[in-house]
Structure formats: structure tokens, C-alpha cells
Amino acid sequence: MTAVLEVEGLTTRFPFSGRRVPIVDDVTLSVGRGQVLALVGESGCGKSMTALSILRLVPKPGSVDGVVRLDGREIQSLPVSEMRQIRGHEIAMIFQEPMTSLNPVTTVGAQVVEAIRLHEKVRKPEARGRARDLFGQVGIPDPEARLDAYPHQLSGGLKQRVMIAMALSTRPKVLIADEPSTALDVTIQAQLLELLRQIQRDTGMAILLITHDLGVVNELSDHVAVMYAGRIIEEGTREEVLGSARHPYTTGLLRSIPALAPRGEKLAEIPGVVPSPDQWPEGCRFAPRCARAFDPCPERVPRPSGLSDSHRVCCHAVAEELAG
């Protein structure tokens, strides 16, 4: 499948304890047309920073290195003016918290109209009609009336649908969805996941789904990349990662899911905590918490080991098993 978004060696650094620390470290991934790639990991591992780095929205004093291609075109070195045209037009993003992303003193309809007219030369009435149609498409009831509502007049689920409508307003090639169902009840969450699935089927756009929820991953994704402490440590198809995980961190995440635990038994847990960026080991960053760690783990960065054409794991223990 042709990749519409390709990321190679993406590294984002911030000053930390007197030195520049890579918060996102040598991340490489790709998303094909009509494909959903889930970027998975616990809070603070660098998932959202990866998205901001792709969009060139990393705040100062952060710095970004690496290559990002959209339809084969390298976009990290483009002038700011050209990047503004791509951002929100060819690559759109649904942010994690819609209340902080929507202007509280402007109607939601006006905000979607503004997004459309920013990237396309259309008159205001036409843009308003497009916004109304989009509201209907994403399942907002009485879309004409909702155009004139302010964010505080909408529920969390409706605000998230407005954000999805805004992201779709320019028919992007890539949609980045950052924890799109966080803080929503399970019924609304299921509706939003079905909506994203339907949009993906209808439009064929590529979706980069950022989440810590493996249930969401199982519902929506085609491929999965697992992130720990700024690095991709396992990647593959949904079936390979969720059904045949090999990295100790991924297997620990899967064992900790309540639904998979036998009734009456204590939930499995990963011991320890994620180290602070200024205390990351030189080698495998999961080594201090890993029951399978041995001599090379704290000192040498594990390279990807291929388990299949699509399934790769960065783990010294797995590499030794494959070599033996």
C-alpha cells in the first residue's frame, strides 16, 4: 500500500537539566492510504509530541530533526507560509480536549466556516452550507441550529464531533486523532469510533490514531506502533501486536487489561515507573523495569528485529532468541 505519510528519524529535543534531551527519539513510521495506524503508549511517552512534531507545532525551545514526507513531498524544510497551507488542509488534527481547542466566544459554525475559507476561496454562504452538511455527516442533530451554538452549549461528545467536522472540512489526506474519545462515556465513545471508521471507509484518508486505550486500538486500527519513553519499541499489524506481542512492555500492557484478567485474580502490573528524561538509560529505556533485562540492555540501544515483513521488535532478548 502506498504510504501517504512517512516519518523517518523524527527526533524532538527540549532543554532538560542542562542538556538537550530527546523527548521523541528516532521515530520512524508510515501510514498508507485508507489505513489507520495506532500510536500506542502510556501518558507522557511522547505520542502527542510526535504529532506536534509532524505538524511543526512544537513550542520553543524545542527543536525537531528528521524527515516527514506527505505524498512523497518532504515538508519539514518548507517555508512557514507553505506549511501553514498544508496544516489543516492536507494534514488535519483532532486535538485531545475540544473545549480548549474551540474559541469559547465564537459560534462553532463560524469556526468551521473560518477553517474552510482559510484554505479555499469560497464565499461565506457556501462555506456555511458546507459546514452544515459536515455537521450532518458527523451526526450532529439539527445541524442548522447547531451552527449558531457556542461551545459551552454543547456536550463533550458534540464538541468532539464539531472538531471532527472542522478537521474534515478541507478533505485532508491525513487525519491525526489525538485521544479522540478521552473523557467521553462509553456510549458516546463507541459512536465516535464508529464515526471515524465510517469516515475512513468513505474518504480513504489515512488516519494516525494516538491513544493509550488498547480497546480503541482493537476497534479501529490496521497497524499498531507501541511507544515507550520516546521510542517505538514494537510495531506490526493489529493482529500481530495485540495477538502475538513480543516486547516485554507490550506484553505487560496487554496483561494489565482488566477484561483479560480471570475473575478474582489480581491484575498484572508493570513494576516501577517511567524514568525521567534526564535519567533514561543509554540503552533500552525499559531495562530498569524489565524482568528479561540482561547485560547489553542498559548500555546498548536495541535495533529492530524482524519477526515478519510487518512485525518488528526492538528488544535484545528477542534478538537473542531469534539468533539462537
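Structure's up top.
The notes below deal with the structure included here. (Residues numbered from 1 in each chain as written. Predicted model: local features only at pLDDT ≥ 70, side-chain atom pairs only at ≥ 80, totals over all residues. Heavy atoms only, no water.)

**Section: the sheet that holds strand 3 (residues 36-40)**
- As summarised here, the arrangement of the 8 strands in space is 6-7-8-3-9-10-12-11, forming an open sheet in which the pairing is mixed. Of all strands in the sheet, those bounded by a partner on one side alone are strand 6 (91-94) and strand 11 (304-306). Here the average twist between neighbouring strands, direction ignored, is 20 degrees.
- Bridge count between strand 11 and strand 12 (residues 312-314): 3 bridges; the pairing is antiparallel. Residue pairing for strand 12: Gly-306 is matched across the bridge by Arg-312. (Pairing = 2+ DSSP bridges. Helix = DSSP H or I, 4+ residues; strand = E, 2+ residues; numbered from the N terminus. Axes fitted to C-alpha atoms, helices over the stretch in contact; angles between N-to-C directions.)

**Some thoughts on the side chain of Gln-76**
- Tracing the chain through its elements places Gln-76 in the loop between strand 5 (73-74) and helix 2 (80-86).
- On the accessibility criterion, Gln-76 (15% relative accessible area) is buried.
- Beyond its immediate sequence surroundings of up to four residues, Gln-76 is in contact with Leu-10, Ser-53, Ile-54, Arg-56, Val-64, Gly-66, Val-67 and Val-68. (Buried < 20%, exposed > 50% of the residue type's maximum accessible area, 1.4 Å probe, protein only. Contact = heavy atoms within 4.5 Å.)

**Digging into the packing of aromatic side chains**
- One pass over the full model with this rule turns up 3 aromatic pairs.
- Ring centres of Tyr-228 and Tyr-249 lie 4.7 Å apart, and the angle between their planes is 55 degrees; on these two criteria the pair is classed as tilted. Of this pair, Tyr-228 sits in strand 9 (residues 223-228) while Tyr-249 is found in helix 11 (residues 248-255), placing the two residues 21 residues apart along the sequence.
- Looking at Tyr-228, the relative accessible area reads 2%, which means it is buried.
- Tyr-249 sits in the buried class, given a relative accessible area of 0%.
- One aromatic cluster is present, built from ring pairs that chain together Tyr-228, Tyr-249 and Phe-286. (Phe/Tyr/Trp six-rings, centres within 6.5 Å; stacked < 30°, edge-to-face > 60°.)

**Here's the deal with the environment of Glu-120**
- Turning to its location among the elements, Glu-120 is positioned in the loop between helix 4 (108-119) and helix 5 (124-137).
- On a C-alpha basis, the gap between Glu-120 and His-89 in space is 9.1 Å, while along the polypeptide they are 31 residues apart.
- Each residue touching Glu-120, except ones within four places of it in the same chain, is listed here: Arg-130, Ser-169, Thr-170 and Arg-171.
- A polar atom in the side chain of Glu-120 sits 3.2 Å from the side chain of Arg-130. (Polar contact = N/O pair within 3.5 Å; in protein donor to acceptor, adjacent residues only side chain to side chain.)

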